[in-house]
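Chain by chain, the residues run as shown.
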Amino acid sequence: MLICATCAVERDEPPPGVCPICADERQYVPEDGQTWLTLDGLAQEGQQTVLKENEPGLVGITTEPKVGIGQTAQLVATSEGSLLWDPVGYVDDSAVKAVLARGPVLAIAASHPHMFGVQVEWSHRLGGVPVLVADADRQWLGRNDPTIEYWSGSKTIAEGLTLHQTGGHFPGSAVAHWAAGAGGRGVLLTGDSVFPNPDRRTISFMRSYPNRLPLSGAVALRIAAQLGGLTFDRIYGNFNNVIGSGAKAVLQDSARRHAGWARGDFDHLT
Ligand SMILES: [Zn+2]
Ligand SMILES: [Zn+2]
């Protein structure tokens, strides 16, 4: 197994000449070309995993230094077990031990293919737990394995913890809804289809972030309408970008703003 240095998604050997996820219009191949990494190589260079509690029942997992895109994975705990969301592109024994200390892992899932990380490697280290992949995005899977399970629509992981396919950034893009989060007011874990901005009070809806390509207003409104049926107050993106409270209204307002700009409502400001 090899790891793309740019996106940190694992891939079966022999790898293609260039990572398909990075060659896609949503990502990029760096100017100095494609590089592949190995887990052993990263470990020898002193790669580490760092766990940090975001709130009771939710632990963020990062790598230091960052590997690839450098997302924060989230470990969501319920009384039945946990979900590992948006797994990072590196895993070591200390991370596995820390994750299992919080209870059994029920499943691994990613918001979209940029966040696959070394998901199959995580699964193997955690005892072969299912790796849930959106059926609509199966073409982007770089490492096949018997632990892969395809899903679409919605998928319940445990009581009060459900995946919802929204599409948008990728056709199979998904969010995880955790009803007990934010003190029982509800949490959404999102990827790039619903992206909390640095101002902490607005959200973006983009096909590509590095290459600045927006989704249409209709798609932003569609996603907001779908998620408007869920109960939540807080949204965690996967780069420590958080809407701490009032996130449900922020999502609706941001979708309307996005659609307005896309439609030309604010062209007098340009
Ligand atoms: Zn890549
Ligand atoms: Zn993405």
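Coordinates for the structure precede this section.
As the structure is a computational prediction, the values presented were derived from the model and not from experiment.

K.L.:
Describe the overall build of the protein chain, and please don't skip the residues or the numbers.
P.N.:
Summing up its helical and strand segments, the protein chain has six helices and 20 strands in all. A compact globule built from 270 residues would reach a C-alpha radius of gyration of about 18 Å, and the protein chain, at 18 Å, matches this within 12%. When its C-alpha atoms are laid out on the principal axes, the protein chain stretches across 55 × 45 × 30 Å. In the protein chain, buried positions account for 44% of the 270 residues. Taking as baseline every contact in the protein chain between residues at least 6 positions apart, the subset at least 24 positions apart corresponds to 55%.

K.L.:
Can you break down the pairing of strand 11 (residues 154-158) residue by residue, with the values?
P.N.:
As paired strands, strand 11 and strand 12 (residues 161-165) are joined by four bridges and run antiparallel to one another. When the bridges of strand 12 are listed, S154 appears paired with H164.

K.L.:
Before we move on, could you go through the pairing of strand 13 (residues 174-178) and cite the residues and values that matter?
P.N.:
Strand 13 sits mainly inside the fold: five of its five residues count as buried. Neither face of strand 13 is left uncovered, since the one carrying A174, A176 and W178 and the one carrying V175 and H177 both have all their residues buried. Pairing of strand 12 with strand 13, which is carried by five bridges, proceeds in the antiparallel orientation. Note on strand 13: the bridge partner recorded for L161 is W178. Alignment of strand 13 against strand 14 (residues 187-189), held across three bridges, turns out to be antiparallel. In the sheet register, H177 faces strand 14, and the bridge partner there is L188.

K.L.:
Explain the nonpolar core to me, and be specific about the residues and the numbers.
P.N.:
By size, the foremost hydrophobic cluster in this structure holds 72 residues, and its most contacted members are L83, L84 and A176. Per-element accounting of this core gives the leading share, five residues, to helix 5 (residues 217-227).

K.L.:
Pulling in residues and values, what's your account of the packing of helix 5 against helix 6 (residues 247-263)?
P.N.:
Between two packed helices, the angle of one axis relative to the other and the distance separating the axes together describe the packing. Where helix 5 contacts helix 6, the two axes come as close as 8 Å, and the packing angle between them is 165 degrees. The pairing of helix 5 with helix 6 is recorded here as roughly antiparallel in orientation. As for the relative orientation of helix 5 and helix 6, their crossing is left-handed in sense. For the pair helix 5 and helix 6, contact is made by G217, A220, L221, I223, A224 and L227 and by L251, Q252, A255, H258, A259, A262 and R263, respectively. Here the residues of the contact of helix 5 with helix 6 are counted per class, giving nine nonpolar, three polar and one charged.

K.L.:
Go over the environment of T156 with me, naming the residues and quoting the values.
P.N.:
Relative to the elements of secondary structure, T156 occurs in strand 11. The exposure class of T156 is exposed, given the 10 C-beta atoms found within 10 Å. On a C-alpha basis, the gap between T156 and A5 in space is 32 Å, while along the polypeptide they are 151 residues apart.

K.L.:
Residue-level account of the sheet that holds strand 1 (residues 2-4), with values.
P.N.:
If you trace the three strands from one edge of the open sheet to the other, you get 2-1-3, paired in antiparallel fashion. Each edge of the open sheet carries a strand with a single partner, namely strand 2 (10-11) and strand 3 (36-37).

K.L.:
Explain the environment of V96 to me, and be specific about the residues and the numbers.
P.N.:
Here V96 shows up in helix 3 (residues 93-100). A sequence separation of 29 residues divides V96 from R125, and the C-alpha atoms of the two residues are 6.8 Å apart. Ignoring any residue separated from it by four or fewer positions in sequence, one finds V96 in contact with V91, R125 and L126.

K.L.:
How would you explain the sheet that holds strand 11 if you had to name every residue and give the values?
P.N.:
Taken in spatial order, the six strands line up as 11-12-13-14-19-20 in an open sheet, and their pairing is mixed. Edge positions in the sheet fall to strand 11 and strand 20 (242-243), since each has one partner strand and no second.

Conventions adopted
- Residues numbered from 1 in each chain as written.
- Chains lettered and ligands numbered in written order.
- Predicted model: local features only at pLDDT ≥ 70, side-chain atom pairs only at ≥ 80, totals over all residues.
- Helix = DSSP H or I, 4+ residues; strand = E, 2+ residues; numbered from the N terminus.
- Rg over C-alpha atoms; globule rule 2.2 N^0.38 Å.
- Buried ≥ 20, exposed ≤ 12 C-beta atoms within 10 Å, placed from the backbone.
- Contact = placed C-beta atoms within 7 Å.
- Pairing = 2+ DSSP bridges.
- Core = buried A, V, L, I, M, F, W, Y, C linked by C-beta atoms within 7 Å.
- Axes fitted to C-alpha atoms, helices over the stretch in contact; angles between N-to-C directions.
- Parallel < 35°, antiparallel > 145°, perpendicular 65-115°, else oblique.
- Left-handed = near helix turned anticlockwise from the far one by under 90°.
- Nonpolar A, V, L, I, M, F, W, Y, C, P; charged D, E, K, R; others polar.

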